[in-house]
Amino acid sequence: MVKRFLRKRVFKIGLTAGVLLLLSSFSKKEIVWVTIGDSITYLNEHLNETGDRVTKGYQTRVKEKLGAITYYNQGHNGWTAVGIAKEFDKLGVQKGDVYSIFLGTNDWWSGLPLGNLNDYKEDTGLKTVCGAFRVIVNKIKLINPEAKIIMITPMQRTDFVYLFDKKNNAWGSDKARNDQFLSAFADAVVQIAKYEHFDIVDLYHKKEMALKNLVYFKQLKDPGTGEYKNYSFPDFSTIPFNPADDYPYPAGSINVTYDGLHPSDKGYEIIANMLTKVLKKYLN
């Protein structure tokens, strides 16, 4: 009787251990993801600053899709790659398993010199945007030498008008700024990713995020009649906007962006889906 009881108990213990081992083999690994970026990254935790035109940013959407992720938002509104590189040590950047770097659009609009891949390779510092990316990567590797890094290209942008201040506006990436096109900044990010063998999320060349898809229309006064009219891209890019006029992007104009620059729910979903495909690899 005693031997039979012991055999049953050993069997039950072995069965329980086997079940636990099986369950653990199917459980996903938890990872920490640090998202470094500008306002497009920042807005995930500041949805009120979108005028409630956005319900969730890309980080929240990725978390909902994958679950086994803790993210830290290191998005800084209006900042450039050069600015983040310069102030990196003051930002309290957390230790993570994965870092995504989503910068460049403000560098372009600020007219900062892009430089080239050699500035990145030779670690030339903050004189160029490419050099600044190297500084950021170096700082990440000091925090966690084993961390995975995802580079995200700036997305295309059309005529931007800030929702809460119409005097804050900018033209789109179909035009040059300081003799530089945003496409060159996107290409530089791709080159850096390939050089380092980092994963790349290329938003700039994503067809669904092309200039013609960013907004359905821009509502402007017809220069001839003075009456408001809905102009699609590229027609509206040749018509000047007067900040004294009505806000040019009413709710019906929203497509991939809600203001010509910042993603709408549709835009953030595209970004989240692309990031999910990459981050999923790190959960196995």
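Refer to the structure printed above.
Residues numbered from 1 in each chain as written. Predicted model: local features only at pLDDT ≥ 70, side-chain atom pairs only at ≥ 80, totals over all residues. Heavy atoms only, no water.

## Notes on the environment of T70
Position of T70 relative to the elements: it lies in strand β2 (residues 69–75). The class of T70 is partly exposed, set by a relative accessible area of 34%. Sequence-wise, T70 and K141 are 71 residues apart; in three dimensions their C-alpha atoms are separated by 19 Å. Residues within four places of T70 in sequence aside, it is in contact with E30, I31, V32 and W33. (Helix = DSSP H or I, 4+ residues; strand = E, 2+ residues; numbered from the N terminus. Buried < 20%, exposed > 50% of the residue type's maximum accessible area, 1.4 Å probe, protein only. Contact = heavy atoms within 4.5 Å.)

## What about the pairing of strand β1 (residues 31–37)?
The buried fraction of β1 amounts to 6 of the 7 residues, a majority that puts the element mostly inside the structure. Looking at chain direction, β1 and β2 are connected through 7 bridges and run parallel. Note that in β2 the partner of V34 across the bridge is Y72. Bridging between β1 and strand β3 (residues 98–102) involves 5 bridges; their strand directions are parallel. Across the sheet, the residue bridging to T35 is S100, located in β3. (Pairing = 2+ DSSP bridges.)

## With respect to helix α3 (residues 58–66)
Of all the residues in α3, the buried ones are Y58, Q59, R61, V62 and L66. Take α3 and look down its axis: the buried residues cluster within an arc of 160°, on one side only. Against the buried residues of α3 lie β1, α2 (39–42), β2, β3 and α9 (265–279). Looking at the residues trailing α3, positive phi occurs at G67, about 75°. (Arc of directions from axis to C-beta.)

## Looking at α9
In a regular helix each residue adds 1.5 Å, so 15 residues correspond to 21 Å; α9 covers 20 Å between its end C-alpha atoms and thus fits that length. Within the span of α9, buried status applies to G267, Y268, I270, I271, A272, M274, L275, T276, V278 and L279. (Expected span 1.5 Å × (residues − 1).)

## Quick word on the side chain of S100
Along the polypeptide, S100 turns up in strand β3. If near-sequence neighbours (up to four positions away) are discounted, S100 is found in contact with W33, V34, T35, I36, I150 and I152.

Keep in mind that these numbers describe shape and distance, not what the molecule does.
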